[in-house]
Number of protein chains: 2
Amino acid sequence: MASQHTVRSYEEELRALEAAIMRMGGMAEGQLASAIEAVAKRDAELAQRTVQSDKQIDQIEQEVAERTTRLLALRQPMAADLRQVIGALKLAGEIERIGDYAKNIAKHFLVVNRMPGPQTGTLIPRMGQMAQEMIKEVLDAYSSNNPDRALAVWKRDGDVDELYNTQFRALLTYMLEDSRTITACTHLLFMAKNIERIGDHATNMAETIHFMLTGKRLQEERPRGEDAALIDLPNTSSPSGV
Amino acid sequence: MASQHTVRSYEEELRALEAAIMRMGGMAEGQLASAIEAVAKRDAELAQRTVQSDKQIDQIEQEVAERTTRLLALRQPMAADLRQVIGALKLAGEIERIGDYAKNIAKHFLVVNRMPGPQTGTLIPRMGQMAQEMIKEVLDAYSSNNPDRALAVWKRDGDVDELYNTQFRALLTYMLEDSRTITACTHLLFMAKNIERIGDHATNMAETIHFMLTGKRLQEERPRGEDAALIDLPNTSSPSGV
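Describe in detail the side chain of B:Thr203, supporting the description with residues and values.
All names here are of chain B. Mapping Thr203 onto the fold places it in helix α8 (residues 182–214). You can call Thr203 buried: its relative accessible area is 0%. Here Gly199 takes part through its backbone oxygen, which lies 2.7 Å from a polar atom of the side chain of Thr203.

Set out below in structure tokens:
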């Protein structure tokens, strides 16, 4: 039924969709990198630029949605191709959220940067780098059609959680020791939480990519660390002992 | 081309998809209601049950994904029907997240419930009720194919944000006044944030439904309040004056 020409242009359309996802992913990765660099170097101007660059990602998400709809309507893909197209739609949603969280990190930094109190230290940049590596890896898994690499990212989610827990406890200790740091620490808490969520979304992307490529779902429960925010802390009333 | 029989069963499939979304939405709404009731009545057992009921939502999301894929593959819907199917997929994703946030609220409550310090007061239940109403309204808009009702929900997002800001400031004040409340207040902060995010997702659903029904996108910038977490507070070092 389909001529050689049609087949080729269909594959071209799938590739264009993949390229749009990669571009969108690269943008989100860059946005997180900028946010983290702004934090590490205390660069308010860079943070400001990061906040503004979020609109581009939203635009590509729009483009992906349109490409997907057109592909589904005109090409009616089946089986693996259909998984690929629906997967792209899911990936675009995840990436859009990652960009959103990166923007939030920059926003919180801009507020905290104007305050006295503890600075971000090295943990937030370290968490950020880890999340950034996950995004890079998951995009590599996608572009190289490699489910094993997706699986490897999926297994790493616990690492970011662990750093988040350390950060959470450290911030509580600061607040308990010196109440003047409370407002600033609250922002740092949200920044850490935003990075932890980025890790979650990278893990969701890994799940989606694994399913796109293999048709098999990873088990529901991923191997993640406990959320420190959900664990009783031993010494909430004698903070200096923590 | 399509026989009467095929047409009817196609419509039946669309209706079954819509029914699955409604069921999933009702479950998430119920989960939020349980979480909020647990908080308001300090009912740990109810909170525990809420945490566990999250799995059902994930199962229906799976069902929606399968129905959608089958519909796309076998029926190849066009135009408005295609928007409806892709929209259902998006709605399922949003509802899944709402269930997730409701579960988190219950989890944070279980921790905070074992602690000394300020209780949740009435603001968190009020925020929760507001978010719950938004979910109810948005599901009504969906089931009655009414874009105006979706638009009305979309416009209400600022209300939850406003309550969240009040809550944020109140919690900072507690922490500043009495450092023994810091850990508990941190959990309340996350609970409030989770409800605020539920409001965001209800708003996303409203956008999706509006687009499904009209083919037109609401403007990008929704009319929302400022995030208090991102505003400098006037009196961070003399808290009793706040």
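There's more to say after this.
Residues and numbers for the relation of the copies chain A and chain B, please.
Expressed as a screw operation, the relation of chain A to chain B combines 0.0 Å of axial shift with a rotation of 180°, fitting to an RMSD of 0.0 Å. Look at the turn and shift together and you get a two-fold axis relating the two. It is A:Gln76 whose C-alpha, among those of chain A, lies nearest the rotation axis, at 3.0 Å. Same-surface contact between copies: 100% of interface residues of chain A are shared with the interface of chain B.

Tell me about the interface of chain A and chain B, and name the residues and values.
Listed per partner, the contact involves 46 residues of chain A and 46 residues of chain B. Joining chain A to chain B, the criterion identifies 2 salt bridges. Between A:Glu94 and B:Arg97 there is a salt bridge; the shortest N-O distance is 3.3 Å. Inspection of the region where chain A meets chain B yields 2 residue pairs in polar contact (both at pLDDT 80 or more). Breaking the side of chain A that touches chain B down by element, the ones donating at least two residues are α3 (54–75), α4 (79–112), α7 (157–177) and α8 (182–214) of chain A. Each residue belonging to the side of chain A that touches chain B can be placed in one class, and the counts come to 21 nonpolar, 11 polar and 14 charged.

Procedures and definitions
Residues numbered from 1 in each chain as written. Chains lettered and ligands numbered in written order. Predicted model: local features only at pLDDT ≥ 70, side-chain atom pairs only at ≥ 80, totals over all residues. Heavy atoms only, no water. Helix = DSSP H or I, 4+ residues; strand = E, 2+ residues; numbered from the N terminus. Buried < 20%, exposed > 50% of the residue type's maximum accessible area, 1.4 Å probe, protein only. Polar contact = N/O pair within 3.5 Å; in protein donor to acceptor, adjacent residues only side chain to side chain. Least-squares fit on C-alpha atoms with pLDDT ≥ 70 in both. Contact = heavy atoms within 4.5 Å. Salt bridge = Lys/Arg side-chain N within 4 Å of Asp/Glu carboxyl O. Nonpolar A, V, L, I, M, F, W, Y, C, P; charged D, E, K, R; others polar.

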